[in-house]
Amino acid sequence: MQQLRTHIEKIIPLHDSEFEFISSCFTYKKYKKHQFLVQEGEAVSYNYFVLKGLLKLVYSDETGKEHIIGFAMEDWWETDFPAYYQQTLATMSLECLEDTEVLCLTLDDYKKLCAQLPKLEHFFLEKAYMGFITAQQRTISMMTAGIKDRYDQLLKKYPSLVQRVPKSLLAAYLGVSRETLSRLSL
């Protein structure tokens, strides 16, 4: 739980009693490589804070082609956010690329935390802002930048992620073939 506290305290200070309340709202879970935390078509019970490991969030289109929406590693939050917040069935899947340990937060506990500890609502708002900014930057990059520039941006922004994700998945995330990515990363 100390990892979560350190993560939160990068944005807001906490008293021990506040963190005790926060930690009571999370559940610890372990998953093996290739296990799913969220599967398309199922209810989404949790938002996940990654303690250890690596996840990929995938959308499968009507032809069955997988589109990698994102990755999540230590100190990142991930889930099928529309399904989580709107309490609908998942349209994406969240799969472990490595053995993974997470802290799980239900929507009811999220709402309880925000209602009873307003500064934690500020924390989650700051995390959402950063998520929106990152998503918009990725969208603009996908629309305007060449593959070499997109790859270089990914290397610069997430060097450790690039070392941990198989090239085939990085290629899918960047919207290119594995061969094209191999030529760029030699």
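Look above for the structure.
How each quantity is defined
Residues numbered from 1 in each chain as written. Predicted model: local features only at pLDDT ≥ 70, side-chain atom pairs only at ≥ 80, totals over all residues. Heavy atoms only, no water. Helix = DSSP H or I, 4+ residues; strand = E, 2+ residues; numbered from the N terminus. Buried < 20%, exposed > 50% of the residue type's maximum accessible area, 1.4 Å probe, protein only. Salt bridge = Lys/Arg side-chain N within 4 Å of Asp/Glu carboxyl O. Axes fitted to C-alpha atoms, helices over the stretch in contact; angles between N-to-C directions. Left-handed = near helix turned anticlockwise from the far one by under 90°. Contact = heavy atoms within 4.5 Å. Nonpolar A, V, L, I, M, F, W, Y, C, P; charged D, E, K, R; others polar.

Thoughts on unusual backbone geometry
- Of note, His34 is a non-glycine position whose phi angle comes to about 80 degrees, a positive value.
- Tracing the backbone shows His34 in the loop between β1 (26-31) and β2 (36-38).
- For His34, a relative accessible area of 52% puts it in the exposed group.
- Phi at Asp75 takes a positive value of approximately 70 degrees, unusual for a residue other than glycine.
- Checked against the element boundaries, Asp75 lands in the loop between β5 (66-72) and β6 (77-78).

Examining the pattern of salt bridges
- The final tally for this structure, using the stated rule, is 9 salt bridges.
- Ionic pairing is found between Asp16 and Arg5, a salt bridge with its closest N-O pair at 2.8 Å. Residue Asp16 is found in helix α2 (residues 16-24), and its partner Arg5 is found in helix α1 (residues 2-9); the two are separated by 11 residues along the sequence.
- Note on Asp16: relative accessible area 57%, which makes it exposed.
- Its salt-bridge partner being Glu74, residue Arg164 comes within 2.7 Å of it at the nearest N-O pair. Taken as a pair, Arg164 in helix α7 (residues 159-164) and Glu74 in the loop between β5 and β6 lie far apart in primary sequence, 90 residues in all.

Section: the packing of helix α6 (residues 147-157) against helix α8 (residues 167-174)
- At a closest axis distance of 11 Å, the pairing of α6 and α8 adopts a crossing angle of 120 degrees. Crossing handedness for the pair α6 and α8: right-handed. Contacts between α6 and α8 involve Ile147, Arg150, Tyr151 and Leu154 from the first element and Lys167, Leu170, Tyr173 and Leu174 from the second.
- Partitioned by chemical class, the residues of the contact of α6 with α8 number 6 nonpolar, no polar and 2 charged.

Distances and angles like these do not, on their own, reveal function.
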